[in-house]
Amino acid sequence: MAATKVSLKLLIDKKSHRVLFAEADNKFVDFLFSILTLPVGTVTMLLQEEKMQAGCLHSLYESVDNLSDDIYFRPDQDKDFLLKPKVAISDARVPLLLPSVEQSYTARNFYRCVQVNTGSARYSNCGKYVANDWRAICPHCKSLMYTELKYVEYRPPRDIKASSSSEEGYVKGVITYMVMDDLEVKPMSAISAITLLSKFNVMDLGAVEEKVVDFGTDKGVKLLKACLQSKTVLTDVFLTAETTITGESVKKKSVLVKRRRVV
Ligand SMILES: [Zn+2]
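In this report, the structure presented in the accompanying data block is examined. (Residues numbered from 1 in each chain as written. Predicted model: local features only at pLDDT ≥ 70, side-chain atom pairs only at ≥ 80, totals over all residues.)

Topic: the overall build of the protein
Step number 1: Counting secondary structure elements, the protein contains 11 helices and seven strands.
Step number 2: Contacts in the protein between residues far apart in sequence, at least 24 positions, make up 66% of those at least 6 positions apart. (Helix = DSSP H or I, 4+ residues; strand = E, 2+ residues; numbered from the N terminus. Contact = placed C-beta atoms within 7 Å.)

Listed below in C-alpha cells is the structure:
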C-alpha cells in the first residue's frame, strides 16, 4: 500500500518569507511526477471538491455536470467519462497524496467474456474482446464479461531484473532530491545548495530556517492548484496555508512587498 503522507525538509528564508527549496525523498518526487499523468478532468474535479478554482476549467466542468444526461448526452455515453476520467494506467505505485483518485490508480483489472472458457467454437470470437469493467457486454455473444484478467505492463528487457526489487514509484529511492519553489526537481548536492543561497542573495544565514513538515492529501490538492497558477508553489502551500482562496491574492501581495524590501 502506497503512503498517504510523506515528510519534507524545507529550507525557509524567514526574512523574505519564502521557501528556498525542499529536500525530499523519492516518494514526494514520485507524487510530483505523477501529477503529469492526471487528466485535466481529474484535476478540475479535485479542485472542485475542495472548493478551489483554477482559470475557467470549473465552468467547463460544471457545464458538463449541469447538462441533463437524458436530454443532451448520447444514450451510449456516460458523463463520468468526462467528469471522473481514469488516470493513466501504470504499475508504478506512487504515494496517494490526492483524494478521490485512489481507485483509478489501483484499477488495473480487465475482463473478458465468460463464454471464452467454455471452449465452444460458437464462442471462439468472444476471446477477441477485453473490457475494463465486469458489467460490459460481449459484442459477439451478448454475455457479461466478468472473467477477470490481470494487467501486465511491458518493460524493456534491461529493466526486468530491477522490476523484481521491492522499490515502487518512478524514481530510485536511494537519492535525495532538491525541489525548488517552482517545482524544478534535481538531485541534491551540497554545492547546489550553497550556489542557491548565493543566487537568491541570502546574506543572513541566521534567517534561514530548516523545517520538517508532513505532506498529505490536504496539501496535495493545494499544491495541485498552486502549480497551475504560481511559480512559488512551496511558499504558497507551506507559508500561506492559512489564507483562504479569496484572501490569497491579498496575502501574496503582502509577501511580494516584503520580498522587495529585502532585495
Ligand atoms: Zn462473448
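And the narrative resumes.
Description of the packing of helix α2 (residues 40-49) against helix α9 (residues 217-229)
When two helices pack together, you describe them by how their axes are tilted relative to each other and by the distance separating the axes.
Step number 1: Viewed as axis vectors pointing N to C, α2 and α9 meet at an angle of 120 degrees, and their least axial separation amounts to 10 Å. The orientation of α2 relative to α9 falls into the category oblique. Helix-helix and strand crossings are classified by hand; for α2 and α9 the assignment is left-handed. On α9, the residues touching Val43, Leu46 and Leu47 of α2 are Val221, Leu224 and Lys225.
Step number 2: Within the contact of α2 with α9, the residues separate by chemical class into five nonpolar, no polar and one charged. (Axes fitted to C-alpha atoms, helices over the stretch in contact; angles between N-to-C directions. Parallel < 35°, antiparallel > 145°, perpendicular 65-115°, else oblique. Left-handed = near helix turned anticlockwise from the far one by under 90°. Nonpolar A, V, L, I, M, F, W, Y, C, P; charged D, E, K, R; others polar.)

What about the pairing of strand β2 (residues 18-24)?
Step number 1: In terms of residue burial, β2 counts as a mostly covered element, since six of its seven residues are buried.
Step number 2: As paired elements, strand β1 (residues 6-13) and β2 share five bridges and run antiparallel to each other. Its bridge partner being in β2, Asp13 is matched across the sheet by Arg18.
Step number 3: What sits between β1 and β2 in their antiparallel hairpin is a turn of four residues, with His17 showing a positive phi close to 55 degrees. (Buried ≥ 20, exposed ≤ 12 C-beta atoms within 10 Å, placed from the backbone. Pairing = 2+ DSSP bridges.)

Focus: the sheet that holds β1
Step number 1: Strands sit in the order β6-β5-β2-β1-β7 across an open sheet of five strands; the sheet is antiparallel. Taken across any chain shown, the strands that pair with only one partner, and hence form the sheet edges, are β6 (185-187) and β7 (208-215). On average, each strand axis in the sheet is tilted by 30 degrees relative to the strand beside it, whichever way the strands run.

Side note on the environment of Tyr111
Step number 1: Structurally, the position occupied by Tyr111 is in strand β3 (residues 109-112).
Step number 2: Each C-alpha atom of the pair Tyr111 and Asn132 lies 6.1 Å from the other, and the pair is 21 residues apart in sequence.
Step number 3: Discounting residues that sit within four places of it in the chain, Tyr111 has contacts with Ala131, Asp133, Trp134, Ala136, Met145, Tyr146, Thr147, Glu148 and Leu149.

Describing the nonpolar core
Step number 1: Among the nonpolar cores identified, the biggest contains 32 residues, and Val19, Ala22 and Phe28 are the most heavily contacted of them.
Step number 2: Of all the elements in the fold, those that place two or more residues in this core are β1, β2, α1 (26-34), α2, β5 (177-180), α9 and α10 (233-239).
Step number 3: Element by element, the count of residues in this core is highest for β2, at five residues.
Step number 4: Not counting the four nearest positions on each side in its chain, Phe28 is found in contact with Val6, Leu8, Val179 and Phe215.
Step number 5: Within the second largest apolar cluster, six residues are counted, among which are Tyr111, Cys113, Cys126 and Met145. (Core = buried A, V, L, I, M, F, W, Y, C linked by C-beta atoms within 7 Å.)

A look at unusual backbone geometry
Step number 1: Located in the positive-phi region is Leu183, a residue other than glycine, with phi close to 70 degrees.
Step number 2: The residue Leu183 is located in the loop between β5 and β6 in this model.
Step number 3: Taking the C-beta count within 10 Å as the criterion, Leu183 has 17 such neighbours and is therefore assigned partly exposed.
Step number 4: If you check the backbone angles, Asn201 has positive phi at about 60 degrees while not being a glycine.

A short note on the environment of Glu148
Step number 1: Residue placement: Glu148 occurs in strand β4 (residues 147-150).
Step number 2: Judged by local crowding, Glu148 falls into the exposed class, with 10 C-beta atoms found within 10 Å.
Step number 3: The spacing of Glu148 and Asp133 is 15 residues in sequence and 9.4 Å in space, taken between C-alpha atoms.
Step number 4: Not counting the four nearest positions on each side in its chain, Glu148 is found in contact with Asn109 and Tyr111.

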